[in-house]
Amino acid sequence: MKITSYSAPLKRGALAACMVVLLATPFVSASEESQRTLDDMVITASKRESSLDDFAGSISVKDGQFITDHEIKDLSELTLFIPNVYFKKTTSGDAFVSRGISTIDTSLFSPMGLYINDVSYPLSFMQNQLLTDVKRVEVLRGPQGTLYGRNSESGVINVVLEEPGDKLKATAGLSAGNYNTWCGEASVSGPVVKDTLYLGLSVTGRKTDGFIENEVTGKDDVADEETTAARGTLRWTPGERFELVATLDGLDQDKGISTLRLEDGPQASDRHKVRSSEEDRAEEEEVGGVIKMNWRADNAKFTSITSNRQFTREFTHDFDRTPAKLGTTDLDIDQDNWSQEFRIASEGEAPLSWLVGLFGFTEDLDTTMALNHVNPAMAKDRVTDSENDGYAIFGQATYRFTDKLKLTGGLRGEHATAEGTQTFTSIMGPVTFDEKLSETEWLPMASASYEIADNLTAYATCARGWLAGGFNYFSANSEETFGYEPEYTVNYETGLKATFFDRRLKADFSLFYIDIDDKQVREEVPGGGQGIWKFSNAGKAHSQGVELDLTALPLGNLEVFAGVGLSDTEIDTWQGTTGGMPFDYSGNSLPWAPEFTWNAGAAYYMTNGLYGIADVTGAGKQYFDAANTLKDDGYALVNLKMGYALGRFDISVYCKNIFDEEYATKKVKNMQGFTMVEDGEPLTFGLTLNWRL
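About the thresholds
Residues numbered from 1 in each chain as written. Predicted model: local features only at pLDDT ≥ 70, side-chain atom pairs only at ≥ 80, totals over all residues. Heavy atoms only, no water. Helix = DSSP H or I, 4+ residues; strand = E, 2+ residues; numbered from the N terminus. Rg over C-alpha atoms; globule rule 2.2 N^0.38 Å. Buried < 20%, exposed > 50% of the residue type's maximum accessible area, 1.4 Å probe, protein only. Contact = heavy atoms within 4.5 Å. Lys, Arg positive; Asp, Glu negative; His and termini not counted. Charge placed at Lys NZ, Arg CZ, Asp CG, Glu CD. Pairing = 2+ DSSP bridges. pLDDT = per-residue confidence, 0-100. Disulfide = S-S within 2.5 Å. Patch = residues over 30% accessible without salt bridge, like charges linked within 9 Å, V, L, I, M, F, W, Y side chains within 5 Å. Areas by Shrake-Rupley, 256 points an atom, 1.4 Å probe, with all protein chains shown as cover. Salt bridge = Lys/Arg side-chain N within 4 Å of Asp/Glu carboxyl O. Phe/Tyr/Trp six-rings, centres within 6.5 Å; stacked < 30°, edge-to-face > 60°. Lys NZ or Arg CZ within 6 Å of the ring centre and 35° of its normal. Core = buried A, V, L, I, M, F, W, Y, C linked by side-chain atoms within 4.5 Å. Axes fitted to C-alpha atoms, helices over the stretch in contact; angles between N-to-C directions. Polar contact = N/O pair within 3.5 Å; in protein donor to acceptor, adjacent residues only side chain to side chain.

Caption draft 1: Summary view of the overall build of the chain. Summing up its helical and strand segments, the chain has 4 helices and 44 strands in all. Relative to the globule expectation of 26 Å for 693 residues, the C-alpha radius of gyration of the chain, 25 Å, shows essentially globular dimensions. The buried share of the chain, taken over its 693 residues, is 54%. A fraction of 66% describes how many contacts in the chain between residues 6 or more apart in sequence connect residues 24 or more apart. Of note, the chain has its 63 positive side-chain charges centred 4 Å away from the centre of its 104 negative side-chain charges.

Caption draft 2: Highlighting the sheet that holds strand β8 (residues 134-141). Taken in spatial order, the 5 strands line up as β3-β8-β9-β6-β7 in an open sheet, and their pairing is mixed. What marks the edges here is a single partner per strand, and that holds for β3 (58-63) and β7 (119-120). Pairing of β8 with strand β9 (residues 155-161), which is carried by 7 bridges, proceeds in the antiparallel orientation. Note that in β9 the partner of Glu138 across the bridge is Asn158.

Caption draft 3: Representation of the confidence of the model for the chain in the model. When pLDDT is averaged across the chain, the result is 92; 95% of the residues are at 70 or more. Low confidence marks residues 1-7, where pLDDT is under 50. Its contacts with residues over four positions away, or in another chain, come to 22 contacts. Scored below 50 in pLDDT, residues 17-33 makes 21 contacts in the model with residues more than four places away or belonging to other chains.

Caption draft 4: How the structure looks around the state of the cysteines. Within this structure, the stated rule accounts for 0 disulfides. Free cysteine: Cys655, not disulfide-bonded; nearest cysteine sulfur from Cys183 at 17 Å.

Caption draft 5: Highlighting a nonpolar patch on the surface. Residues Met606, Leu610, Met642, Tyr644, Leu646, Phe649, Ile651, Val653, Leu687 and Leu689 make up a contiguous nonpolar surface patch of roughly 910 Å² in combined accessible area. Positionally, Leu610 belongs in strand β37 (residues 610-619). Judged by its relative accessible area of 39%, Leu610 is partly exposed.

Caption draft 6: Representation of the packing of aromatic side chains within the structure. This structure, assessed with the given rule, holds 22 aromatic pairs. Ring-pair connections join several aromatic residues into one group, and the members of that group are Trp236, Phe242, Trp295, Phe302 and Phe342. One Lys or Arg, Lys62, reaches over the ring of Phe561 and ends 5.6 Å from the middle of that ring.

Caption draft 7: Just the nonpolar core, in detail. In this structure, Leu108, Val137, Ile157 and Val159 are the most contacted members of the largest nonpolar core, which totals 46 residues. Aside from chain neighbours lying at most four places away, what touches Leu108 is Pro122, Leu123, Ser124, Phe125, Ile333, Leu365, Thr367, Tyr473 and Phe474.

Caption draft 8: Region of interest: the sheet that holds strand β43 (residues 675-679). On the basis of which strands lie adjacent, the open sheet formed by 3 strands has the order β16-β43-β42 and antiparallel pairing. If you trace the sheet from one side to the other, it starts and ends with β16 (260-262) and β42 (664-669), each paired once. The average undirected angle you get between the axes of adjacent strands in this sheet is 30°.

Caption draft 9: Geometry of the side chain of Glu414. Relative to the elements of secondary structure, Glu414 occurs in strand β23 (residues 405-426). We classify Glu414 as buried; its relative accessible area is 2%. Among the polar contacts made by the side chain of Glu414, one reaches the side chain of Arg412 at a distance of 2.9 Å. With residues up to four places along the chain from it excluded, the contact list for Glu414 reads Gly149, Arg150, Tyr391, Ala392, Glu439, Thr440, Glu441, Leu443 and Trp466.

Caption draft 10: The environment of Thr196, seen in detail. By the element assignment, Thr196 lies in the loop between β11 (181-193) and β12 (197-208). Each C-alpha atom of the pair Thr196 and Glu240 lies 9.9 Å from the other, and the pair is 44 residues apart in sequence. If sequence neighbours within four positions are ignored, Thr196 has contacts with Arg235, Trp236, Thr237 and Pro238.

Caption draft 11: Spatial organisation of the pattern of salt bridges. One pass over the structure, following the stated rule, counts 42 salt bridges. Arg271 serves as the salt-bridge partner of Glu662, at 4.0 Å between the closest nitrogen and oxygen. A residue pair is termed long-range when its members are at least 10 positions apart, and Glu662 in the loop between β41 (649-656) and β42 and Arg271 in the loop between β16 and β17 (273-274) qualify at 391 residues. By relative accessible area, which is 58% here, Glu662 ends up exposed. Between Asp517 and Lys540 there is a salt bridge, and its shortest N-O distance comes to 2.6 Å. Within this pair, whereas Asp517 is found in strand β29 (residues 505-517), its partner Lys540 is found in strand β32 (residues 540-555), the two being separated by 23 residues in sequence. By relative accessible area, Asp517 is classed as partly exposed at 30%. Salt bridges here are not isolated pairs; linked through shared partners, they connect Lys47, Asp118, Lys292, Glu341 and Arg343.

Caption draft 12: Just unusual backbone geometry, in detail. Residues other than glycine seldom take positive phi values, yet Asn628 does so here, at roughly 60°. Along the chain, Asn628 turns up in the loop between β38 (622-623) and β39 (631-632). Overall, Asn628 belongs to the buried group, its relative accessible area being 18%. Positive phi, normally seen in glycine, also occurs at Asp660, with a value near 50°. Owing to a relative accessible area of 32%, Asp660 belongs among the partly exposed residues under this scheme.

Caption draft 13: How the structure looks around the side chain of Asn214. Along the polypeptide, Asn214 turns up in strand β13 (residues 213-214). A polar side-chain atom of Asn214 sits 3.0 Å from the main-chain carbonyl oxygen of Ser276. For Asn214, the residues in contact, after removing those within four places along its chain, are Lys219, Val222, Val274, Arg275 and Ser276.

Caption draft 14: Here's a closer look at the pairing of strand β28 (residues 487-500). Judged from the 12 bridges that link them, strand β25 (residues 456-467) and β28 form a sheet pairing that is antiparallel. In the sheet register, Trp466 faces β28, and the bridge partner there is Tyr488. For β28 and β29, the ladder comprises 13 bridges, and the chain directions are antiparallel. In the sheet register, Lys497 faces β29, and the bridge partner there is Asp508. Counting the residues between successive antiparallel strands, the hairpin from β28 to β29 contains 4 residues, one of them, Phe501, with a positive phi of roughly 55°.

Caption draft 15: Quick look at the pairing of β8. Of all 8 residues in β8, 7 are buried; the element is thus mostly enclosed. As paired elements, β3 and β8 share 6 bridges and run antiparallel to each other. Within β8, the position partnered with Ser58 by the bridge is Arg141.

Caption draft 16: Broad picture of the environment of Val61. Note on placement: Val61 falls in strand β3. Since its relative accessible area comes to 18%, Val61 is described here as buried. Once residues within four sequence positions are removed from consideration, Val61 is found in contact with Met41, Ile43, Leu52, Arg136, Val137 and Glu138.

Caption draft 17: Spatial organisation of a positive patch on the surface. A cluster of like positive charges, contributed by Lys135, Lys167, Lys169 and Arg692, occupies part of the molecular surface. Its location among the elements puts Lys135 in strand β8.

In structure tokens, the structure reads:
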């Protein structure tokens, strides 16, 4: 396994984590100790209610209280606390990277699925969702193809929202920070008709000037953001056996995306400073509706989920990232997705538990991309219309042979079709080409778990995943460069789950090896010119590593946690070209795949209401290109929070990246061979006031 030494960031982060534990411990006396324990948790990651302790796989769960305590505002911040999960956050597209399995930089789809209340958020630009009124977030590592199907080849993030009930609940929060950052959120839920009809409402707003300055225009808010999101939930329970939950949500976001700077060359600039001649902007709108119905029989539960999600994104970006007014890249994305799932799951304590289901979806995805250049010979335009449809049948069953041994098996059959048409216009005139894709996949899984002792369980699992083929929306110029085929993973995994000291210490350990076949990659098109690439399927790659997740309640009101994930990726076979010359990528690491991720922290809650929280999150070396010429050496981000809880109110101050650690989130070469980079966030701080009914 290729592990590199990272002295300064690692030592600094480890020192901060150790200091907070040492400082907190002296304040704890024997009289203050309580019998708090790390209780088991009910999860729904397996599409049915089950025990977290009984889940035979690698999973991390963070509840709403953890999200609030650590000032986590969105999913990109949450992944910092999840071993072997990294969030690629760039202007070219977001993506979850689990166990080193990344995707093409400009791909619209991620190999890790995101589901919020059982509904898929399929596009990469949709995946950094705000976390408001969240009950818990379940992060599953490894392929989840049997239950979730396509585009879950590296894992699934399952977000479970709070639902209204008979108890009246209300929360409100307001925070203010540097860079003129403001964030407010509020929620209220409760009964409309007692024991029958319930309503929940939530709203979130966020505004910031951002931390990027344009040296050409003098503006210091070119990465600003204004976001408003709202959600309404109506829950109806006319009897004990039937439940209907209808949800409507929406998001509107306007932000500056002038974050890419030149690191070298005549137009180079320093960290968090750009030299763009254009006002780079992005506007996003998202609307979704879900109707979920549950019917309970004596020994089974029937569930129906009907959803529609619509998403639009428009952005303008400086073509060359210099003061010269050479042109812009304008991009529009318009997506409309409908899905329907039916499933029946057994209930009760029988030795055999089972689930079967049907799933179908249809999706229209249209894009327009224009390269507006002062030189007409360089100008290009692409208009793409595509439709994706699919259906699946799936099932999974678990049989408990003894009190200690249980076996699980599952299978999904999924058929998907895609039709796309693109009109590419250059100085040579327009050319139109189309492609039809059809795929039928079988996605099995099998696992076994054995309870070695009351507090120790071992498991082993094998599962197959699938990242669907698709279309090259933004860089094709012919039928040969337009479509590409699926990518596949097979995960072999074993692990241990343990609790110690009367459930005051919980440890989860996993060891995995993943075969990756037909890896989707981006390659040069010989003679294609600027902005022309093809997506193709390379030979093979693999990922191997370990994960360790620890949570402890060592003394009184002291909570301690730590996690580490090691992921060693390697391209086994891939012959391509770079700079017009043949190139063998074999032996290189996959891009956007940190060698390791880690986190540690402690929280101490005093009986008089005062509390303190410290944590550190980090990542190891990663490459940003398949040739392994562009890299970031790794980083450690130290965060602190101190607060006072008094009755229904909570006031706190926080500081993130307290040592102002410098790191890159993206590097790419331009046509002149100079390096462009996007910088990670600097030191931020603020004040938060929360209220809860």
